[in-house]
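# Coordinates in review
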Amino acid sequence: AGHINGPMIVQAGPGAGKTATLVKRYENLINAGIEHSKILIITFSRKTAEEVEKRVFNVTGLSSEDTNRPFIGTYHAFCKKIIDDNPSVFEEIQGRHLCEEEWQEEQLFRISKDQSVSYDTLLEAVREFKTKGYTAKDVSQKLKEYQRDNVPEGKVYNKHNRRAYATYEEAQKK
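Residues numbered from 1 in each chain as written. Predicted model: local features only at pLDDT ≥ 70, side-chain atom pairs only at ≥ 80, totals over all residues. Heavy atoms only, no water.

In terms of strand pairing, strand 1 (residues 40-43) meets strand 2 (residues 71-74) through four bridges, oriented parallel. Note on strand 2: the bridge partner recorded for Ile 42 is Gly 73. In the classification by handedness, the crossover that spans strand 1, the intervening helix 2 (residues 46-60) and the parallel strand 2 is right-handed. (Pairing = 2+ DSSP bridges. Helix = DSSP H or I, 4+ residues; strand = E, 2+ residues; numbered from the N terminus. Right-handed = clockwise from strand over helix to strand, strands pointing away.)

Considering all chains together, one arrives at two aromatic pairs under this definition. Centre to centre, the rings of Phe 44 and Tyr 75 are 5.2 Å apart; their planes meet at 50 degrees, and the pair counts as tilted. With Phe 44 in the loop between strand 1 and helix 2 and Tyr 75 in helix 3 (residues 75-85), this pair connects stretches of sequence that are 31 residues apart. For Phe 44, a relative accessible area of 73% puts it in the exposed group. (Phe/Tyr/Trp six-rings, centres within 6.5 Å; stacked < 30°, edge-to-face > 60°. Buried < 20%, exposed > 50% of the residue type's maximum accessible area, 1.4 Å probe, protein only.)

Attention now moves to helix 5 (residues 119-132). Between its terminal C-alpha atoms helix 5 stretches 20 Å, which fits the 20 Å expected from 14 residues at 1.5 Å a residue. Turning to helix 5, its buried residues are Leu 122, Leu 123 and Phe 129. Taken end-on, helix 5 shows its buried residues confined to a sector of 125 degrees, consistent with a single buried face. Set apart from the buried face of helix 5 by more than 90 degrees, the exposed residues are Asp 120, Thr 131 and Lys 132. (Expected span 1.5 Å × (residues − 1). Arc of directions from axis to C-beta.)

Within the structure shown, the criterion is met by four salt bridges. For Glu 51, the salt bridge goes to Lys 54, with nearest N and O atoms at 3.8 Å. Of this pair, Glu 51 and Lys 54 both sit in helix 2, separated by three residues, roughly a single helical turn. On the basis of relative accessibility, which here comes to 26%, the residue Glu 51 falls in the partly exposed class. In this structure, Lys 80 engages Asp 84 in a salt bridge whose closest nitrogen and oxygen atoms are separated by 2.6 Å. Taken as a pair, Lys 80 and Asp 84 lie in helix 3 at a separation of four residues, close to a single helical turn. (Salt bridge = Lys/Arg side-chain N within 4 Å of Asp/Glu carboxyl O.)

A few words on the packing of helix 1 (residues 18-31) against helix 2. At a minimum axis separation of 10 Å, helix 1 and helix 2 run at an interaxial angle of 40 degrees. On the basis of their axis angle, the class for helix 1 and helix 2 is oblique. The way helix 1 lies across helix 2 gives a crossing that is right-handed. Residues Thr 19, Ala 20, Leu 22, Val 23, Tyr 26 and Glu 27 of helix 1 form the contact with helix 2, whose participating residues are Thr 48, Glu 51, Val 52, Arg 55, Val 56, Val 59 and Thr 60. Its residues assigned to classes, the contact of helix 1 with helix 2 comprises seven nonpolar, three polar and three charged. (Axes fitted to C-alpha atoms, helices over the stretch in contact; angles between N-to-C directions. Parallel < 35°, antiparallel > 145°, perpendicular 65-115°, else oblique. Left-handed = near helix turned anticlockwise from the far one by under 90°. Contact = heavy atoms within 4.5 Å. Nonpolar A, V, L, I, M, F, W, Y, C, P; charged D, E, K, R; others polar.)

This is the structure in structure tokens:
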């Protein structure tokens, strides 16, 4: 956290103090005269970004409404911010549907109806997959296990499942 010049990556296991390290580094940067708005904190998960933001705002007295606040968010949120802040540079993708949170929620709701799984259960599973860093292959395996254990023998899966399984099986052959 004492490092001030240039970027810093904090990589460690769960409970090692990554969030506390980021917050302490932030304090050190502010104490060294760096403006809040010149500081960038990128995390892998939304949950971690929210926790870092909460702690930074607690320490500094800043709020999400302050125009001088730092950017604290995920890689995806940062990339979206770059696109949104530079429409002329990204004009060919402006207006295309990006995976906004509302759109993601609609898709989860649709899937939950298709699969007869509660929306909350599905949302919790997605959060768990993201938190644990599961790959697409891991998720496919978990889905297979869930359906093996929870779908009656002989029940035909809907078209989304058939397509997903066909793609998964084809990838396994390569």
